[in-house]
Amino acid sequence: GCALSPQTVTIMPDIKVANANNDQQQKTIQIGVNDARANKIIGTRGGIYADTSAITADADITQSVRNSLTAAYRVLGYNVLNSGANVQIIVDITDLKYNATGETTIRAVDTAAALKATCQSGTYVVTNEYRITNKADVLKPPTVGENQDYINETLSSTLQRLVNDASILDCINR
């Protein structure tokens, strides 16, 4: 095998939600996102010189995660504000990982994403954690576009779990 060069991926989560039939415009939400990862390197592409084949995000991932959440909650009928909202949702991105495994050739790609979300409505607070791991078998080292898709897919699924969480929705709707 040969050495694999580093890759920079764009984090663009896509949260799929069904359009709301109830208009919750009177419910205002403020969303904060923190990058709480211990390591900003998402992972390595593997290969012989794994330590030189790092995968990193091309920008601050909090902005794209916040944008995705804002879009999803708007589809659900909520009014997302930058300040002065009734409800605060704080999301900590605690993990975003990529790992390629295989001896001389890359055979599998593992991705993981973990979030911690806290919803606060007045004195009512609910906190939950979400984690998703995915595995893909590959015949050759994935391109930057393929790796970007693997990572975004896993992060999107994790965010979707948060947006669909009944206890968080209950907090918003109080």
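Up top you'll find the structure we're talking about.
Residues numbered from 1 in each chain as written. Predicted model: local features only at pLDDT ≥ 70, side-chain atom pairs only at ≥ 80, totals over all residues. Heavy atoms only, no water.

Asker: Can you help me understand the packing of aromatic side chains in this one?
Answerer: Two aromatic rings, taken as a pair, are described by how far apart their centres are and by the angle between their planes. Counted under the stated rule, the structure contains one aromatic pair. Taking 6.2 Å as the distance between ring centres and 65° as the angle between the ring planes, the aromatic pair formed by Tyr73 and Tyr78 counts as edge-to-face. On the basis of relative accessibility, which here comes to 1%, the residue Tyr73 falls in the buried class. Judged by its relative accessible area of 5%, Tyr78 is buried. The ring centre of Tyr124 lies 3.6 Å from the NZ or CZ of Arg174, which sits over that ring. (Phe/Tyr/Trp six-rings, centres within 6.5 Å; stacked < 30°, edge-to-face > 60°. Buried < 20%, exposed > 50% of the residue type's maximum accessible area, 1.4 Å probe, protein only. Lys NZ or Arg CZ within 6 Å of the ring centre and 35° of its normal.)

Asker: Explain the packing of helix H1 (residues 61-75) against helix H2 (residues 144-163) here, please?
Answerer: Packed helix pairs are characterised by how far apart their axes lie and by the angle those axes make with each other. Relative orientation of the contacting elements H1 and H2 amounts to 45°, with a least axis distance of 11 Å. One way to sum up the angle between H1 and H2 is to call them oblique. Every pair of crossing elements has a handedness; the one defined by H1 and H2 is right-handed. Taking contact as the criterion, the partners of Val65, Leu69, Ala72 and Tyr73 in H1 are, on H2, Leu155, Leu159, Leu162 and Val163. (Axes fitted to C-alpha atoms, helices over the stretch in contact; angles between N-to-C directions. Helix = DSSP H or I, 4+ residues; strand = E, 2+ residues; numbered from the N terminus. Parallel < 35°, antiparallel > 145°, perpendicular 65-115°, else oblique. Left-handed = near helix turned anticlockwise from the far one by under 90°. Contact = heavy atoms within 4.5 Å.)

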